[in-house]
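One-letter residues, chain by chain:
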Amino acid sequence: MSAVFSVSDLNRYVGEVLAADPVLSAVRVRGEITGFKKYPSGHLYFSLKDKESQVNCVAFRGNAAHFSFVPENGMSVIITARASLYDRDGRFQLVVYDMEKDGIGDLFAAFEKLKARLEAEGLFDTAHKKPIPALPRRIGVVTSPKGAVIQDIIHVLSRRFPNFDLLIYPSAVQGQTAAGELKKGVEWFNRSGIVDVIILARGGGSMEDLWCFNDEALARAVYQSEIPVISAVGHEVDFTICDFVSDLRAPTPSAAAELVMPLKSELVSRLDARRGQLGRALLHSVTVRKNRLMALAGSRALMYPLRRAEAEGQRLDVLSIKLSHALARRIDTSSRRLEKNIASLDALSPLKVLSRGFSLATDPQTGSCITSVTQVTPGQQVRIQLADGSVHCKAEKVQAGRNL
Amino acid sequence: MNLSDEYVNLSYEEAMKELESIVSRLESGEGTLDESIALFQKGVELSKLCSQRLEEIEKRVRILMDDGNGSKKEADFSETGVSDASEG
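What this report covers is the structure whose coordinates are included nearby. (Residues numbered from 1 in each chain as written. Chains lettered and ligands numbered in written order. Predicted model: local features only at pLDDT ≥ 70, side-chain atom pairs only at ≥ 80, totals over all residues.)

### Description of the overall build of chain B
Step number 1: When helices and strands are counted, chain B shows two helices and two strands.
Step number 2: Starting at the N terminus and ending at the C terminus, chain B contains elements arranged as α-α-β-β.
Step number 3: A total of 88 residues make up chain B; the buried ones form 27% of that total.
Step number 4: Across chain B, the fraction of contacts at a sequence separation of at least 24, relative to all contacts at a separation of at least 6, is 42%. (Helix = DSSP H or I, 4+ residues; strand = E, 2+ residues; numbered from the N terminus. Buried ≥ 20, exposed ≤ 12 C-beta atoms within 10 Å, placed from the backbone. Contact = placed C-beta atoms within 7 Å.)

Spelled out as structure tokens, the structure:
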């Protein structure tokens, strides 16, 4: 004789048998949704049916929140669930963990196949990717002119670089004609050549919604584009073939706008910094040379031809004029230092050196400096320049060697 | 001062790259005074070009529409809506 169960014990027992079954604890079932109801609690109740049968299903709020779409009656889906028995009325039901649209598996397989083929062909090669211009003069965007995406892009661009220039090629971004229109947009921009960069943009959506961005002909048009292409499709988690073949993938359309246009304020301060460096570097370079020259002229004047000091002195005069023009507007703090420097250039004037008792011998015929005895023959005219005038002499004797 | 022919076609990016290379050459202190002056003048010219590149972009948002002859023409894109010609 077998034991007699209470109803509660029976239901509990059946529930345990179901829970212990390795197949029924995570079973995937294909069917069509019917009798769909969403309770205020967030739990979803529906049945899954095929031609002959149907089964009760429940998706608790925590799991239902992660579904990638909102279920509707009539939808073909594949659920992942565990079998259970609802104790109170002994009703068999499936507790649903996950739900995907039927056919997604096929789409995904097709995506992977195309991706592998194009990758093998080299369409995703990093070496082929074109750099995005640092400052695009004009930006082309292929997207829907309606909805939030284009507005988001415009908003971000205005914030980053107020005088941006955007040209929209309106295109469907889902449905049968979308891939063809997107491709035409890329090709049109390439033919016209009036933009520096192209953004392909679309907001978030289901895998089917984004499917047009997995079109092979579109991928090839992006690959062949002479103009760099940024793909900005869906959300961060969505990847399409366009993302792989484009020159840059932006996680969202707004992010594409961030990536494509630099912050104008940053460019302006960078430029200011370079201008400052330029002025300081020149001033430094002049100061270093001036100091070197002063050292020469002061302590070792005899060892060096005076003409050199004179020539350098003249160049410094010219330089100081140029400098004061060039720097006047830009480098306020430096200009005081510069004036000081220019004033001290006076100390280098040849007259100052002559007034200390040195003189300069020149050949009155050629006007050139005499720096060596080899330039003079006895009887030759020699002009001696002193601080306050000159003496015209005739060489009597030429003697080599120092005898100061 | 007009931009010299050498620079007139440079993009912002190229001009900035050239400017930064000039700054570092000038900062290295090598070369003669004349060379330093020439570098400085080039640098001033390039920095003006960079400013010009930043400012010369015209603020506009335009949209392409069919012109009825199988080509496209540009029209202003108003942020509130768009003409039905772009229905797609």
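Structure's up, so let's keep going.
### Let's talk about helix H8 (residues 253-260) of chain A
All names here are of chain A.
Step number 1: What H8 keeps buried is the set Pro-253, Ala-256, Ala-257 and Val-260. Looking straight down H8, one finds that the buried residues subtend no more than 100° of arc, so they occupy a single side.
Step number 2: Buried-residue contacts for H8 involve strand E6 (139-143), helix H4 (148-160), strand E8 (197-202) and strand E9 (229-233). (Arc of directions from axis to C-beta.)

### Here we look at the environment of Arg-12 of chain A
Residues and elements named next belong to chain A.
Step number 1: Within the secondary structure, Arg-12 sits in helix H1 (residues 7-20).
Step number 2: By the C-beta count within 10 Å, which is 14 here, Arg-12 ends up partly exposed.
Step number 3: Separated by 74 residues in sequence, Arg-12 and Tyr-86 have C-alpha atoms that sit 9.0 Å apart.

### Focus on the environment of Ile-63 of chain B
Step number 1: Within the secondary structure, Ile-63 of chain B is located in strand E1 (residues 60-66).
Step number 2: Separated by 11 residues in sequence, Ile-63 of chain B and Glu-74 of chain B place their C-alpha atoms 5.5 Å apart.

### Regarding the nonpolar core
Step number 1: Ile-168, Ile-198, Ile-199, Leu-200, Val-222 and Cys-242 of chain A are the most contacted members of the largest nonpolar core, which has 51 residues in total.
Step number 2: Setting aside chain neighbours within four positions, we find Ile-198 of chain A in contact with Gly-140, Val-142, Val-186, Phe-189, Ser-225, Ile-227 and Val-229 of chain A.
Step number 3: Val-286 of chain A together with Ala-15, Leu-39 and Val-44 of chain B belong to the second-largest nonpolar core, a separate cluster that totals 22 residues. (Core = buried A, V, L, I, M, F, W, Y, C linked by C-beta atoms within 7 Å.)

### Some remarks on the interface of chain B and chain A
Interface extent is often summarised as the accessible area lost during association of the parts.
Step number 1: Contacts between the two partners involve 35 residues from chain B, matched on the other side by 39 residues from chain A.
Step number 2: Residue assignment for the side of chain B that touches chain A shows that the elements contributing at least two residues are helix H1 (12-28), helix H2 (33-55), E1 and strand E2 (72-76) of chain B.
Step number 3: Tallying contributions element by element places H2 of chain B first for the side of chain B that touches chain A, with 12 residues.
Step number 4: Of the residues belonging to the side of chain B that touches chain A, the class tally is 16 nonpolar, eight polar and 11 charged.
Step number 5: Relative to E1 of chain B, strand E7 (residues 165-170) of chain A runs parallel, the two being bridged by four bridges. (Nonpolar A, V, L, I, M, F, W, Y, C, P; charged D, E, K, R; others polar. Pairing = 2+ DSSP bridges.)

### A short note on H1 of chain A
A turn of α-helix holds 3.6 residues, and therefore any two residues three or four places apart point the same way.
Step number 1: For H1 of chain A, which comprises 14 residues, the first-to-last C-alpha distance of 20 Å matches the rise-based estimate of 20 Å (1.5 Å per residue) to within 8%.
Step number 2: Taken across its 14 residues, H1 of chain A has zero buried, putting it largely on the surface. (Expected span 1.5 Å × (residues − 1).)

### Side note on the pairing of E1 of chain B
Step number 1: Bridge count between E1 of chain B and E2 of chain B: five bridges; the pairing is antiparallel. Bridged to Met-65 of chain B within E2 of chain B is Lys-73 of chain B.

### Some points on the packing of helix H5 (residues 178-192) of chain A against helix H6 (residues 216-224) of chain A
Residue and element names in this part refer to chain A.
Step number 1: In contact at an axis separation of 9 Å, H5 and H6 are set at 10° when each is read in the N-to-C sense. Considering the angle they form, H5 stands roughly parallel to H6. Residue-level contacts link Ala-179, Leu-182, Lys-183, Val-186 and Glu-187 of H5 to Ala-217, Leu-218, Ala-221 and Val-222 of H6.
Step number 2: Looking at side-chain class alone, the contact of H5 with H6 contains seven nonpolar, no polar and two charged residues. (Axes fitted to C-alpha atoms, helices over the stretch in contact; angles between N-to-C directions. Parallel < 35°, antiparallel > 145°, perpendicular 65-115°, else oblique.)

### Section: the sheet that holds E1 of chain B
Step number 1: Read from one edge to the other, the open sheet built from seven strands follows the order E10(A)-E9(A)-E8(A)-E6(A)-E7(A)-E1(B)-E2(B), with strand pairing classed as mixed. Strands with a single pairing partner mark the edges of an open sheet, and in this sheet they are strand E10 (248-249) of chain A together with E2 of chain B.

### Notes on the sheet that holds strand E12 (residues 381-386) of chain A
All names here are of chain A.
Step number 1: Taken in spatial order, the three strands of this open sheet run E11-E12-E13, and their pairing is antiparallel. Edge positions in the sheet fall to strand E11 (360-362) and strand E13 (389-394), since each of these pairs with one other strand and no more. Across the sheet, the mean angle from the axis of one strand to that of its neighbour is 25°, orientation sign disregarded.
Step number 2: In this structure, E12 lies alongside E13, joined through six bridges in antiparallel fashion.

### Structural notes on the pairing of strand E1 (residues 27-38) of chain A
Residue and element names in this part refer to chain A.
Step number 1: Two strands pair when backbone bridges link them, and E1 and strand E4 (residues 76-86) are joined in this way by six bridges, in the antiparallel orientation. In the strand pairing of E4, Val-29 is matched with Ile-79.
Step number 2: As defined by bridge partners, E1 adjoins strand E2 (residues 44-49) across five bridges and the pair is classed as antiparallel. By the bridge assignment for E2, Lys-38 is matched with Leu-44.
Step number 3: With antiparallel pairing between neighbouring strands as the criterion, E1 and E2 make up a hairpin whose turn holds five residues, including Gly-42 at a positive phi of roughly 100°.

Geometric values such as these leave the question of function open.
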